[in-house]
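Structural features, examined
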Amino acid sequence: MIEHRPVGSLGVARHGQIDSKSHFSFAQYHDPLRMHWGVLRAWNDDAIAPGSGFLPQPQADMEIITYVHEGAITHKDSLGNLGRTAAGDVQVVSTGTGIRHSEYNLEPGVTRIFQIWIHPSQQGALPSWGCKPFPKDERQHRFVALASGASGDEDALPIRADARVLGTLLKAGETATYRFAHAGRYGYMVLAKGRAEINGIALRSQDGAAIHGEREIAVTASEDAELVLVDAAGLA
């Protein structure tokens, strides 16, 4: 089963200078049919104006993965971490027992990010932060793990969850395939840009695709495309 979730069906909110589209219930947006997808709790598509961002806020017991697909985000937290994550790169905040953090756009133009929240498989761990660059040529026409709690993904940023966050870049006409460990996994894919088909279902930029009961997906770009996929366990 693959459910197409077009961008026009997403929750829409404006928080100051941030325009946000939510694939799942979040903040003031509530849809009882879109509360989570397995252990994937939230996926927000945020456009952040220059000089603005998310104020420091406390969070706990959640893995928060940020994929930057335009501009850059600057992170600061109560652990003393300070870092900048640029387009194509990824940061992870493992909130653990609790952390206060902020994300700001200190760039001259708009920054666009996917902010992905995943339920952890363990609680009570100390909070942490990390970021990592992922060269675009390594993701060309194949899925690469960007953040993962799975064994064998040592090159990805670690998360404390039974999930993988993967990315790929496709030129028009190229195809990338991904095979789930079993059909009970929950997949969710969003296009950062471009157009593509997933198992024959056409998607446009910012559209989502909720996947379940599939062993394999084939993604073919109809124009140059940038995609992010989450492969998640079911929610216990």
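By convention here, each chain's residues receive numbers from 1 onward along its written sequence. The model is predicted, so local features are restricted to residues of pLDDT at least 70 and side-chain atom pairs to those at 80 or more, both for listing and for counting; the totals for chains, interfaces and linings are taken over all residues. The basis for every side-chain value is the complete set of heavy atoms in the structure, and neither hydrogens nor water enter the calculation.

1. Comments concerning the overall build of the chain
The line we're drawing: The way it works is that DSSP assigns letters per residue, a run of H or I at least four long becomes a helix, a run of E at least two long becomes a strand, and they are numbered from the N terminus. Both definitions apply: the radius of gyration is a C-alpha atom measure, and the globule rule equals 2.2 Å times residues to the power 0.38. Note on exposure labels: buried denotes an accessible area under 20% of the residue type's maximum, exposed denotes more than 50%, and partly exposed covers the range between, all computed with a 1.4 Å probe on protein chains only. Note on contacts: a residue pair is in contact if any heavy atoms of the two residues lie within 4.5 Å. Shrake-Rupley sampling with a 1.4 Å probe provides the accessible areas, and residues are treated as covered by the protein chains on show and by no other component.
Helix and strand counts for the chain stand at 0 helices and 20 strands. For 236 residues, the compact-globule formula gives about 18 Å, and the C-alpha radius of gyration of the chain, at 16 Å, lands near that figure. Expressed along its principal axes, the backbone C-alpha trace of the chain runs to roughly 45 × 40 × 35 Å. Counting across all 236 residues of the chain, residues that qualify as buried make up 52%. Taking the intrachain contacts of the chain between residues at least 6 apart in sequence as the baseline, contacts between residues at least 24 apart amount to 72%. When the accessible surface of the chain is totalled, it reaches about 10,100 Å², and 51% of it is carbon and sulfur.

2. Remarks on the side chain of Arg 185
Defined as follows: In protein, a polar contact requires one atom able to donate a hydrogen and another able to accept it; more generally it is a pair of N or O atoms within 3.5 Å, and residues adjacent in sequence count only if both atoms are side-chain atoms.
Tracing the backbone shows Arg 185 in the loop between strand 16 (175-179) and strand 17 (186-198). Residue classification places Arg 185 among the buried residues on the basis of a relative accessible area of 10%. Polar side-chain contacts of Arg 185 include one of 2.8 Å to the side chain of Asp 231. Apart from the residues lying within four places of it in its own chain, the contact partners of Arg 185 are Asp 162, Ala 163, Phe 180, Ile 211, His 212, Gly 213, Asp 231, Ala 232 and Ala 233.

3. Looking at the pattern of salt bridges
Inclusion rule: We define a salt bridge as a side-chain nitrogen of Lys or Arg found within 4 Å of a carboxyl oxygen belonging to Asp or Glu.
For the structure on display, the rule yields 10 salt bridges. Glu 3 is the salt-bridge partner of Arg 5, the closest N and O atoms lying 3.3 Å from each other.

4. Some points on the packing of aromatic side chains
Selection criterion: Ring geometry is summarised as follows: Phe, Tyr and Trp rings, the Trp one being its six-membered ring, pair when their centres sit within 6.5 Å, and such pairs are stacked at plane angles under 30 degrees, edge-to-face over 60 and tilted between the two. Lysine NZ or arginine CZ positioned within 6 Å of the ring centre and within 35 degrees of the ring normal marks a charge as sitting over the ring.
Applying the stated criterion across every chain yields a total of 8 aromatic pairs. Ring centres 5.6 Å apart and planes at 65° place the aromatic pair Trp 43 and Phe 114 in the edge-to-face group. Residue Trp 43 is located in strand 4 (residues 40-48), and its partner Phe 114 is located in strand 11 (residues 111-118); the two are separated by 71 residues in the primary sequence. Here Trp 43 and Phe 114 have matching classes, each one buried. Three or more aromatic residues joined by ring pairs make a cluster, and in this case those are Phe 24, Trp 43, Tyr 67, Phe 114 and Tyr 188. Taking NZ or CZ as reference, Arg 5 lies 5.5 Å from the ring centre of Trp 37, over its face.

5. Here we look at the sheet that holds strand 4
To keep it simple, the criterion reads: Any two strands with at least two DSSP-identified bridges between them are counted as paired. Axes here mean lines fitted to C-alpha atoms, for a helix over just the part in contact, with angles spanning 0 to 180 degrees between N-to-C directions.
One open sheet holds the 7 strands; their spatial order is 2-3-4-11-6-9-12, and the pairing between them is antiparallel. Where the open sheet ends on each side, the last strands, each with one partner, are strand 2 (11-15) and strand 12 (128-132). The average undirected angle you get between the axes of adjacent strands in this sheet is 20°. Here strand 4 runs beside strand 11; their pairing, made up of 8 bridges, is antiparallel. Within strand 11, the residue paired with Ala 42 across the bridge is Trp 117.

6. What to know about the sheet that holds strand 7 (residues 72-77)
Remark on secondary structure: sheet strands pair via backbone hydrogen bonds, oriented parallel or antiparallel. The sheet built from 4 strands is open, its strands ordered 5-10-7-8 with antiparallel pairing. Of all strands in the sheet, those with a lone pairing partner are strand 5 (53-59) and strand 8 (82-86), marking the two edges. Averaged over all pairs of adjacent strands, the angle between strand axes in this sheet comes to 20°, irrespective of strand direction. Sheet analysis places strand 7 next to strand 8, joined by 5 bridges and oriented antiparallel. Within the sheet, the bridge partner assigned to Ala 72 lies in strand 8 and is Ala 86.

7. Some thoughts on unusual backbone geometry
Here the phi dihedral of Ala 27 falls at roughly 55°; this positive angle occurs in a residue that is not glycine. Residue position: Ala 27 is located in the loop between strand 3 (18-22) and strand 4. One non-glycine residue, Gln 206, adopts positive backbone phi at about 80°. Looking at the element boundaries, Gln 206 is found in the loop between strand 18 (201-204) and strand 19 (208-212). Judged by its relative accessible area of 23%, Gln 206 is partly exposed.

8. Let's talk about the environment of Val 39
Tracing the backbone shows Val 39 in the loop between strand 3 and strand 4. Expressed as a C-alpha distance, the spacing of Val 39 and Gly 124, which sit 85 residues apart in the sequence, is 18 Å. Residues within four places of Val 39 in sequence aside, it is in contact with Trp 117, Ile 118, His 119, Asp 162, Ala 163, Ala 232, Ala 233, Gly 234 and Leu 235.

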